[in-house]
Amino acid sequence: MRESVVQVRNLIKSFGDLHVLKGVDLDLYRGENLVVLGKSGSGKSVLIKIMVGLLTQDEGSVKVLGKEVKDLNSRKLNELRLKIGFSFQASALYDSMTVRENLEFPLVRNVKNLSKEEKDKKVEEVLDSVGLLQTINQMPSELSGGQRKRIGIARTLILKPEIMLYDEPTAGLDPITCMDINNLINQVNEMYKTTSIIITHDLTCAKVTGDRMAVLLDGVFGATGKFEEVFEYAEDGRVKSFYDYNFIKQ
Amino acid sequence: MSGEPTNKDKVISKRIDRFFIGLERAYDFVKRFFKEVWFPPYEFKEVIRQCYQIGYNSLPLISLTGFIVGVVFTNQSRPSLSEFGATSWLPALISIAVVRAMGPLVTALIAAGKVGSSIGAEIGSMKVTEQIDAMEVSATNPFKFLVVTRVLASTFMIPVLVLYTDFVALLGAFVNVHFNELVSLSTFFVQVFDAISFLDITSSMVKSLFFGFTIGIVGCYKGYNSTKGTEGVGKAANSAVVMAMFLIFIEELLSLQVTNFFRQL
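Analysis parameters
- Residues numbered from 1 in each chain as written.
- Chains lettered and ligands numbered in written order.
- Predicted model: local features only at pLDDT ≥ 70, side-chain atom pairs only at ≥ 80, totals over all residues.
- Heavy atoms only, no water.
- Pairing = 2+ DSSP bridges.
- Helix = DSSP H or I, 4+ residues; strand = E, 2+ residues; numbered from the N terminus.
- Contact = heavy atoms within 4.5 Å.
- Axes fitted to C-alpha atoms, helices over the stretch in contact; angles between N-to-C directions.
- Phe/Tyr/Trp six-rings, centres within 6.5 Å; stacked < 30°, edge-to-face > 60°.
- Buried < 20%, exposed > 50% of the residue type's maximum accessible area, 1.4 Å probe, protein only.
- Lys NZ or Arg CZ within 6 Å of the ring centre and 35° of its normal.
- Patch = residues over 30% accessible without salt bridge, like charges linked within 9 Å, V, L, I, M, F, W, Y side chains within 5 Å.
- Areas by Shrake-Rupley, 256 points an atom, 1.4 Å probe, with all protein chains shown as cover.
- Salt bridge = Lys/Arg side-chain N within 4 Å of Asp/Glu carboxyl O.
- Lys, Arg positive; Asp, Glu negative; His and termini not counted.
- Charge placed at Lys NZ, Arg CZ, Asp CG, Glu CD.
- Domains from an automatic or database assignment.
- Buried area = accessible area lost by both parts, 1.4 Å probe.
- Polar contact = N/O pair within 3.5 Å; in protein donor to acceptor, adjacent residues only side chain to side chain.
- Nonpolar A, V, L, I, M, F, W, Y, C, P; charged D, E, K, R; others polar.

Points about the sheet that holds strand 2 (residues 18-29) of chain A
Residues and elements named next belong to chain A. On the basis of which strands lie adjacent, the open sheet formed by four strands has the order 2-1-4-5 and antiparallel pairing. Whereas interior strands pair on both sides, the edge strands pair on one side only; in this sheet they are strand 2 and strand 5 (67-68). Inspection of the sheet shows strand 1 (residues 4-15) paired to strand 2 by nine bridges, in the antiparallel sense. Bridge pairing in strand 2 links Ile12 to Lys22. Of the strands in this sheet, strand 1, strand 2 and strand 4 (59-64) are in contact with helix 1 (residues 44-51), which crosses strand 1 at around 120°.

Digging into the pairing of strand 4 of chain A
All names here are of chain A. Here strand 1 runs beside strand 4; their pairing, made up of five bridges, is antiparallel. Looking at the pairing, Gln7 lines up with Lys63 of strand 4. The sheet contact formed by strand 4 and strand 5 spans two bridges and is antiparallel. Across the sheet, residue Lys63 finds its bridge partner in strand 5, namely Glu68. Hairpin connection from strand 4 to strand 5: two residues lie between these consecutive antiparallel strands, with Leu65 at a positive phi of about 50°.

Comments concerning the packing of aromatic side chains
Scanning the model with the defined rule gives 17 aromatic pairs over all chains in all. Aromatic side chains Phe188(B) and Phe189(B) sit 5.2 Å apart centroid to centroid with 80° between the ring planes, which places their arrangement in the edge-to-face category. Here Phe188(B) and Phe189(B) have matching classes, each one buried. With a centroid separation of 5.6 Å and an interplanar angle of 75°, the aromatic rings of Phe261(B) and Phe262(B) are classed as edge-to-face. According to the relative accessible area criterion, Phe262(B) is partly exposed, its value standing at 45%. Cation over ring: Arg109(A) sits above Phe105(A), and NZ or CZ is 4.1 Å from the ring centre. Note that Arg155(A) overlies the ring of Tyr94(A), its terminal NZ or CZ placed 4.4 Å from the centroid.

Re a nonpolar patch on the surface
A surface patch of nonpolar side chains, amounting to about 510 Å² of accessible area, comprises Ile12(B), Ile16(B), Phe19(B), Phe20(B) and Leu23(B). Along the chain, Ile16(B) falls in helix 1 (residues 7-36).

A look at a positive patch on the surface
On the surface, a cluster of positive charge is made up of Lys10(B), Lys14(B), Arg15(B), Arg18(B) and Lys228(B). Tracing the sequence through the fold places Lys14(B) in helix 1.

A word on the domain arrangement of chain B
By a frequent convention, interface size equals the accessible area lost on bringing the separate parts together. Residue and element names in this part refer to chain B. Its domain assignment divides chain B into domain 1 (1-36) and domain 2 (43-264). Domain 1 and domain 2 are separated by 31 Å when their C-alpha centres are compared. Contacts between domain 1 and domain 2 engage nine residues on the former and 13 residues on the latter. Contact with domain 2 buries area across many residues of domain 1, yet Phe29, Phe33 and Glu36 alone supply 68% of it, more than any other trio. The interface formed by domain 1 and domain 2 holds zero salt bridges in total. In this structure, the connection of domain 1 to domain 2 is made through three residue pairs in polar contact (both at pLDDT 80 or more). Within the side of domain 1 that touches domain 2, the residues separate by chemical class into five nonpolar, one polar and three charged.

A word on the pairing of strand 10 (residues 220-225) of chain A
Remember that side chains alternate between the two faces of the sheet whenever the strand is regular. Residue and element names in this part refer to chain A. Inspection of the sheet shows strand 9 (residues 212-217) paired to strand 10 by five bridges, in the antiparallel sense. Bridge pairing in strand 10 places Val215 opposite Ala223. Hairpin connection, strand 9 to strand 10: the antiparallel pair is bridged by two residues, and Asp218 has positive phi, about 50°.

Here's the deal with the interface of chain B and chain A
Taken residue by residue, the interface counts 16 residues in chain B and 22 residues in chain A. Taken over both partners, the interface formed by chain B and chain A buries close to 1,500 Å², and the fraction arising from carbon and sulfur atoms is 55%. Ranking the residues of chain B by area buried against chain A places Glu130(B), Gln131(B) and Val137(B) at the top, with a combined share of 37%. Taken together, the links from chain B to chain A amount to three salt bridges. Put simply, chain B and chain A have six residue pairs in polar contact (both at pLDDT 80 or more) between them. Mapped onto the side of chain B that touches chain A, the elements with two or more residues apiece are helix 4 (90-128) and helix 5 (131-137) of chain B. It is helix 5 of chain B that contributes the most residues to the side of chain B that touches chain A, six residues altogether. Looking at side-chain class alone, the side of chain B that touches chain A contains six nonpolar, four polar and six charged residues.

Structure below.
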């Protein structure tokens, strides 16, 4: 039986009168890439933010690596966070730091007794793995959108997480750079043996990176399964329209 | 007349609610600062970096305004004193005014504008671009790294800047007095130090600590709680300055009462 690393049961989250998640159930199995699709504002990002404790649910259970996230104290939550990499939609690189300092930031705070040589080696290694070693001394403002995304991913990889959460990894990028990012996600999965959740509304990204799809519709998962099962033979009009919009039908 | 609340009542009620909710949030924020400041990890490197940003980078502006304040205040005071033939009291008058009130107040108001707005804008933009969330998910306490360091740096640096402003303002006053009354540097400063007491300097330093804390905590609070994207960042920077300046005047008033109480003992 496959090991479930994330278990979500009857997850409910509202912001005032806006009911975003209305009873979400989800299992993420070790080694798989799960793509969560849905329209803007459907609660995709909210779902993964609850998994890392950035938001707290109103009701329901979210277990990550066997731990109920909402019950963890700040020390235990930080221990769990070290095993989760979170790639933000807008990369969230620290503007006032160089690329090297951005990558060192989680490292120096979480890995004790690291020599300068070891630190440099880790930073260079992870930057090399995303193909951007040459940007090591640049400021985030000097990088392109695609480069920022890659550096953002590199920053999360430096602590060698077990689970990667990608929030809209291809948003705002041109199709060629999108493809590069999609390939990088697959490459990261292979190199670092991670289990991933990819939040997107880009079906190309979903098709290339995902082993399994889950479509959020009106606060619950309306369809789950392999790409073909969910989209190509979709009977639900909402899922169908989503597919038709992404792959413009003749 | 029915007992049903009108729309106007509801608006007023909402505003009152918002005021008290804001007050409670601010109280929680300050309480969290005092809770977090004592416990490790201590971000010494970041505190030093912030001290440099707040202190060293404010020097040109503080120097210029301090010098101008000294020159202008001396010039404005001379006619009144000369009516009584008491222009020789200028150094004493200026030293008391500068050390007791003008030095701390001018420094704090300039710092509120320069430092408070930059803290508010920096933390605000970090908030809206999810950099604070990124810190949190990388198991770093953003409150400790961003807020505690900046508040400590501004609390330590404002008194230092106040001492510097006092000195520069007195230098400006000396230049003015020297060219008009032909007073030497040593005579000027002997009169200056004769006029001020230990209590003047102590009270000035103590209230500067409070001014520094206020500038730091208000800037951080506004930035940390900014919303609505770039518009929110602008609002955070703006309201950090307005709120800090308002609180500085209130603190100045309170410190005057406390100092006067000690003076009468």
